[in-house]
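# Structural features, examined
Listed here are the chains, written in short residue letters.
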Amino acid sequence: MLKDEVLKILYLEDGYISGETISRKLGVTRAAVNSAVKALRDEGYEITSSTNRGYLLVNSPDVLTKGSVSVFLPDKLSADLYVFDSVDSTNNVLKEMAGKGAPSGTVVIADHQTGGKGRLGRSFSSPSGVGIYLSFLFKPDSGLNRIADLTSWTAVAVCDAIYNAYGIDTKIKWVNDIVLNRKKICGILTEATVEGESGMIDNCIIGIGINVNESSFPEELSQIATSISLENGQKTFDRSKLAAELIRSLNDILYRWPDDPYYLNRYRKSNITAGSRIVAYPRLAENSTGRPGTAVEINDDFTLNVRFDDGSTEDLRSGEVSVRGLYGYT
Ligand code: BTN
């Protein structure tokens, strides 16, 4: 879209740039540049104009659009990026695109989800204007047994992206919740389709939901959930910048998969579960009493080694067990 291209030129320019130069760069008329600038102003971009010098981008609103994310990306990484105002679930939209042949690396982002999905059939609250709801398509050429690794690699990619965008150090609660000050700011839902004959993953949809600028949470969630803004004095963070960093770090996975040691090392460094007292609950009976124990370490396959209080030791798999802290969420 022309408006997105004009935005990128304005963003990358240090000072004023003339309408003439923009129209030449893009091979369009001056009038087309004028209407693109008007459309950007209508979206909330503050663009001043001066008769002799041209246009200057002074301020950007916190919107999530293809244009706002692309200014932070090289062109090749925004080629397969789709950004919507509102969808039921970005995972569902991307699943449909994958079925029609979308390539590995395709990204769907929404500002709002009406039917955001969490793990274990739960819903994922996805209000507009504050979060990032992003799905990434990967065709990994691996067996289904590697899906847990992929989700853990994604947790690392999210921590890297938050650090690169905002300089904030987040932690990982096993297996794939990203936490800040021991409360959850991000969840990951990975959904895969498998090639029947070979048992290899056909399409893997990695869905990531991040609480960026929420200013409050419902009472029942406030003990376990928070946002990046709430933990940083209610400052507003640029969601497009983080969305772009996420796309970069997820793309790195495409090239570093399947056995780059960086991910396991970084996961272990960021993990806060190993070393703590935990209670393990079978996935299908989360309201049962649970087994108390001590999480010992993250194994090479991202399973969690736990020494239970009854003296037994087990390697827990995320698909089968969830863990909570002995005294709360972490
Ligand atoms: C969880 O913590 O239970 C996982 C939450 C995953 C939410 C994301 S938001 C983007 C993508 N689309 C969805 O419907 N869910 C995932």
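Residues numbered from 1 in each chain as written. Predicted model: local features only at pLDDT ≥ 70, side-chain atom pairs only at ≥ 80, totals over all residues. Heavy atoms only, no water.

This model, assessed by the stated rule, comprises 21 salt bridges. Put simply, Arg-268 and Asp-300 hold a salt bridge, and the shortest N to O gap is 2.8 Å. With a gap of 32 residues between them, Arg-268 in helix H9 (residues 261–270) and Asp-300 in the loop between strand S11 (291–298) and strand S12 (304–308) connect regions that are remote in the sequence. Residue Arg-277 pairs with Asp-309 through a salt bridge whose shortest N-O separation is 2.9 Å. Residue Arg-277 is located in strand S10 (residues 277–282), and its partner Asp-309 is located in the loop between S12 and strand S13 (313–316); the two are separated by 32 residues in the primary sequence. In this structure Asp-309 comes out as partly exposed when scored by relative accessible area, which is 46%. Taken together, the shared-partner salt bridges connect Lys-3, Asp-4 and Glu-43 into one network. (Salt bridge = Lys/Arg side-chain N within 4 Å of Asp/Glu carboxyl O. Helix = DSSP H or I, 4+ residues; strand = E, 2+ residues; numbered from the N terminus. Buried < 20%, exposed > 50% of the residue type's maximum accessible area, 1.4 Å probe, protein only.)

Looking now at the packing of aromatic side chains. Enumeration according to the criterion identifies eight aromatic pairs in this entry. Seen from their ring centres, Phe-124 and Tyr-133 are 6.5 Å apart, and the 75 degrees between their planes marks the pair as edge-to-face. Taking relative accessible area as the criterion, Tyr-133 reaches 1% and is therefore assigned buried. Arranged with centres 4.6 Å apart and planes meeting at 50 degrees, the rings of Tyr-166 and Phe-237 form a pair that is tilted. Taken together, the positions of Tyr-166 in helix H7 (residues 147–166) and Phe-237 in the loop between strand S9 (201–211) and helix H8 (239–256) put the pair 71 residues apart, joining distant regions of the chain. Its relative accessible area of 15% is what places Tyr-166 among the buried residues. (Phe/Tyr/Trp six-rings, centres within 6.5 Å; stacked < 30°, edge-to-face > 60°.)

The next point concerns the sheet that holds strand S3 (residues 81–87). In space, the seven strands of this open sheet follow the order S3-S4-S5-S9-S8-S7-S6, with mixed pairing throughout. Looking at strand neighbours, the two that pair on one side only are S3 and strand S6 (171–173), the edges of this open sheet. For this sheet the average axis-to-axis angle between neighbouring strands, irrespective of direction, equals 25 degrees. Relative to S9, strand S8 (residues 183–194) runs antiparallel, the two being bridged by nine bridges. Its bridge partner being in S9, Glu-191 is matched across the sheet by Ile-205. Against the sheet, helix H6 (residues 90–99) touches S3, strand S4 (107–113), strand S5 (131–138), S8 and S9, its axis set at about 25 degrees to S5. Across the face of the sheet, H8 comes into contact with S3, S4, S5 and S9 while running at roughly 20 degrees to S5. (Pairing = 2+ DSSP bridges. Axes fitted to C-alpha atoms, helices over the stretch in contact; angles between N-to-C directions. Contact = heavy atoms within 4.5 Å.)

Attention now goes to the sheet that holds S11. Pairing between the strands of a sheet comes from backbone hydrogen bonds, and it takes one of two forms, parallel or antiparallel. Ordered by their spatial adjacency, five strands build an open sheet running S13-S12-S11-S10-S14, and the pairing between neighbours is antiparallel. Each having just a single partner strand, S13 and strand S14 (321–325) make up the two edges of the open sheet. Direction aside, the axes of adjacent strands within the sheet are offset by 45 degrees on average. When S10 meets S14, the two strands line up antiparallel, connected through five bridges. Considered in S14, the bridge of Pro-282 is made with Val-321.

Another aspect to go through is the site of the ligand. With respect to spatial proximity, 19 residues lie near the ligand, and among them Ser-89, Gln-113, Lys-117, Arg-119 and Lys-184 are the closest. Note that a nitrogen atom of the ligand is positioned 3.1 Å from one of the side-chain N or O atoms of Thr-90. Within the contact set of the ligand, a nitrogen atom lies 3.0 Å away from a side-chain nitrogen or oxygen of Gln-113. For the ligand, whose free accessible area comes to 410 Å², the fraction covered by protein is 97%. Elements with a contribution of two residues or more to the shell around the ligand: H6, S5, S8 and S9. A total of four residues in the shell around the ligand trace back to one element, the largest contributor, which is S8. Residue composition of the shell around the ligand, by class: six nonpolar, 10 polar and three charged. (Near = heavy atom within 4 Å. Polar contact = N/O pair within 3.5 Å; in protein donor to acceptor, adjacent residues only side chain to side chain. Areas by Shrake-Rupley, 256 points an atom, 1.4 Å probe, with all protein chains shown as cover. Nonpolar A, V, L, I, M, F, W, Y, C, P; charged D, E, K, R; others polar.)

Here we come to the domain arrangement of the chain. Annotation of the chain at the domain level lists domain 1 (2–59), domain 2 (66–270) and domain 3 (277–323). Computed over C-alpha atoms only, the centres of domain 1 and domain 2 are separated by 32 Å. Residue-level contacts link five residues of domain 1 with nine residues of domain 2. Between domain 1 and domain 2 lies a buried interface of about 530 Å² when both sides are counted; carbon and sulfur atoms form 60% of it. If you sort the residues of domain 1 by the area they bury against domain 2, Asp-4, Lys-8 and Tyr-11 come out on top, with a joint share of 78%. At the surface where domain 1 touches domain 2, the tally comes to one salt bridge. The closest approach of N and O atoms between Lys-8 and Asp-75, which form a salt bridge, is 3.1 Å. Applying the counting rule to domain 1 against domain 2 returns four residue pairs in polar contact (both at pLDDT 80 or more). (Domains from an automatic or database assignment. Buried area = accessible area lost by both parts, 1.4 Å probe.)

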